[in-house]
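As a plain string of letters, each chain reads:
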Amino acid sequence: AGNVTDWMDQYNKKMKLSKKNMQHILDHFFDLFGYTLDYFVAANFAAKLNIPGLIIHDRQDKDTSATYSQQIHDAWPKSQLILTEGKGHKLNQPDIIERIRLYLASTVSKTETPREV
């Protein structure tokens, strides 16, 4: 999910938690992080990025809507979005890996000295 509120709503629907139990979770979340769920929106964080990035998402992903990736891309000035078809949530496929390789090759400066690991 592109924000924690939506993820938590999905979790609550699957778990069928009572309002009281859900409120305990929300209170604990606030105690841990010092923010309510609505603070954690991926697009808001992406808007602050000043580095290039690649976002890949499948339109038929049943786990997370591609809408979130589009929102992140719209907010992130230096991002590139690739929307795939028919791959679902499993993007570890040769054609995707090749697109990542090409993106990295075009993004990394050719004059940059590689760092040793």
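Residues numbered from 1 in each chain as written. Predicted model: local features only at pLDDT ≥ 70, side-chain atom pairs only at ≥ 80, totals over all residues. Heavy atoms only, no water.

### Considering the side chain of His57
Point 1. As for its position among the elements, His57 is in strand 1 (residues 53-58).
Point 2. At 2.6 Å, the side chain of His57 forms a polar contact with the side chain of Ser69.
Point 3. Setting aside its immediate chain neighbours within four residues, His57 contacts Thr64, Ser65, Ala66, Ser69, Ile82, Leu83, Thr84 and Leu91. (Helix = DSSP H or I, 4+ residues; strand = E, 2+ residues; numbered from the N terminus. Polar contact = N/O pair within 3.5 Å; in protein donor to acceptor, adjacent residues only side chain to side chain. Contact = heavy atoms within 4.5 Å.)

### Brief notes about the environment of Ile72
Point 1. Assignment of secondary structure puts Ile72 in helix 4 (residues 66-75).
Point 2. With relative accessibility at 19%, the residue Ile72 sits in the buried group.
Point 3. Considering only alpha carbons, one finds Ile72 and Phe30, 42 residues apart in sequence, at a separation of 24 Å. (Buried < 20%, exposed > 50% of the residue type's maximum accessible area, 1.4 Å probe, protein only.)

### Points about helix 4
Point 1. Of the positions making up helix 4, those classed as buried are Ala66, Tyr68, Ser69 and Ile72. Angularly, the buried residues of helix 4 cover 155 degrees about the axis, an arc narrow enough to put them on a single face.
Point 2. As for helix 4, its buried residues are in contact with helix 1 (4-15), helix 3 (42-46), strand 1 and strand 2 (79-84). (Arc of directions from axis to C-beta.)

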